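Analysis of the macromolecular model
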Amino acid sequence: TIAFLNHQYLPLSEAKISPMDRGFLFGDGIYEVIPSFGGRIVGFSAHMQRMENGLRALEIENPFDRESWQRVIQSLLDKNGAHLGPSIGVYLHVSRGMEMTRNHGYSENLTPTVFAFAFRIPPSQSAHPDEVKGLHVSLAKDLRWQRCHIKSTSLLGNVLHFQEAKRDGKHESILFNHQNEITEATTSNVFIVEQGIVRTPPLDNQLLPGITRKLLIESLINENIQVEEVTISTEKLMNADEIWLTSSSKEVAPVVSVDDNLIGDGKPGPLWRKALLAYDRYKFN
Ligand code: PLP
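What comes next concerns the included structure. Note that the structure is a prediction, hence the values are computed from the model and not measured. (Residues numbered from 1 in each chain as written. Predicted model: local features only at pLDDT ≥ 70, side-chain atom pairs only at ≥ 80, totals over all residues. Heavy atoms only, no water.)

1. Describing the layout of surface pockets
Where we set the bar: Method remark: on a 1 Å grid restricted to protein atoms, a set of points is classed as a cavity if a 1.4 Å probe fits but cannot get out and as a pocket if it is open with protein on both sides within 12 Å along at least five of seven lines; lining residues have an atom within 4 Å of a point. Grid points are joined across faces, edges and corners, and a volume is the space filled by probe spheres set on the points. The way it works is that DSSP assigns letters per residue, a run of H or I at least four long becomes a helix, a run of E at least two long becomes a strand, and they are numbered from the N terminus. In the scheme used here, Gly and all other residues not listed as nonpolar or charged are polar, with Ala, Val, Leu, Ile, Met, Phe, Trp, Tyr, Cys and Pro taken as nonpolar and Asp, Glu, Lys and Arg as charged. In this entry, domain limits derive from an automatic or database-based domain assignment.
The space that makes up the largest pocket amounts to roughly 760 Å³. Forming the walls of the largest pocket are 33 residues, and the residues nearest its centre are Tyr31, Lys151, Leu155, Thr186 and Thr187. Within the residue set of the lining of the largest pocket, elements represented by two or more residues are strand 3 (29-37), strand 6 (113-120), helix 4 (156-167), strand 9 (182-185), helix 5 (211-222) and strand 13 (242-247). When grouped by side-chain class, the residues that make up the lining of the largest pocket number 14 nonpolar, 13 polar and six charged. Domain assignment of the residues forming the lining of the largest pocket places at least three in each of domain 1 (2-121) and domain 2 (127-282). Considered as a void within the structure, the second largest pocket measures approximately 300 Å³ in volume. Contributing to the lining of the second largest pocket are 15 residues, with Asp28, Leu58, Arg96, Tyr106 and Trp145 lying nearest its centre. For the lining of the second largest pocket, the class distribution of residues is six nonpolar, four polar and five charged. The two domains that each donate at least three residues to the lining of the second largest pocket are domain 1 (2-121) and domain 2 (127-282).

2. Re the nonpolar core
This is how it is decided: Only buried Ala, Val, Leu, Ile, Met, Phe, Trp, Tyr and Cys residues count toward a nonpolar core, and they belong to the same one when joined by side-chain atoms within 4.5 Å. Burial classification: accessible surface area is computed with a 1.4 Å probe over protein chains only, and a residue below 20% of its type maximum counts as buried, one above 50% as exposed, and the rest as partly exposed. Contacts are assigned to residue pairs with any non-hydrogen atoms lying within 4.5 Å of each other.
Ranked by size, the top nonpolar core spans 25 residues in total, and within it Phe4, Met48, Met51, Trp69, Ile73, Leu76 and Leu92 carry the most contacts. Mapped by element, the contributors of at least two residues to this core are strand 3, helix 2 (44-57), helix 3 (66-84), strand 5 (87-95) and strand 6. Considering each element in turn, this core owes the most residues, six residues, to helix 3. Setting aside its immediate chain neighbours within four residues, Trp69 contacts Met48, Met51, Asn62, Pro63, Phe64, Leu92, Val94 and Val114.

Here is the structure:
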């Protein structure tokens, strides 16, 4: 695998940074994961917009303009496509950089560390929706921080939640806040279906503004499927006809059980199938 580190392409196994990098010491940085299928990139400008917002929130200067980022992504796809196959995610990472002291407060003049690499993601399920089994998830109190709208590399809260779900033999964990309202899952956004209406929690500081979420909402509107951004209680979640999770690598994935309670009839639902195909038609727009 060929990676990109600070303006250089090199084998991933040879990429090295200083342990004094604030990304290493504090998780002080922003990242993105951008999916591609058959060399076509999904949601490039939306991913760039989110990264720009995150960098601005952290007061890190964006080291590249969009064209330069596009060149990095394209180069990683070109250099790695042959061995990774047609479904590739590109990870982009900008940390604040390094300084030779360890202080929570940062200097203003640091040079951001830029790292990127490509990795295999599952092929789109849209080609074989009948073979999709559906995910088993847990439900847990959201114990992360209150800046979940920032795609920060500080992911310990998400890591601990995910590992707890994994220990229970689950694929993911759906999280709820103090008011018993669903925020998101540890690596994805949450949608439910109630009597033919698709619902997803509104954007705020409690969840990541997922690009798949955004593209799915747009594709549902395109197909005249009713979709609402409204708070969802844990009770509504448990009684939903369908639940879906969205992320760049999962696209739109059906959930068939929550804490071992079946959702619907315990099989991927009919609207999920429509939504996945609508998303698949729309995603390169
Ligand atoms: N929520 C969290 C916590 C995530 O980590 C992710 C992506 O990995 C998402 C939501 C989905 O975002 P996207 O659709 O942009 O991949």
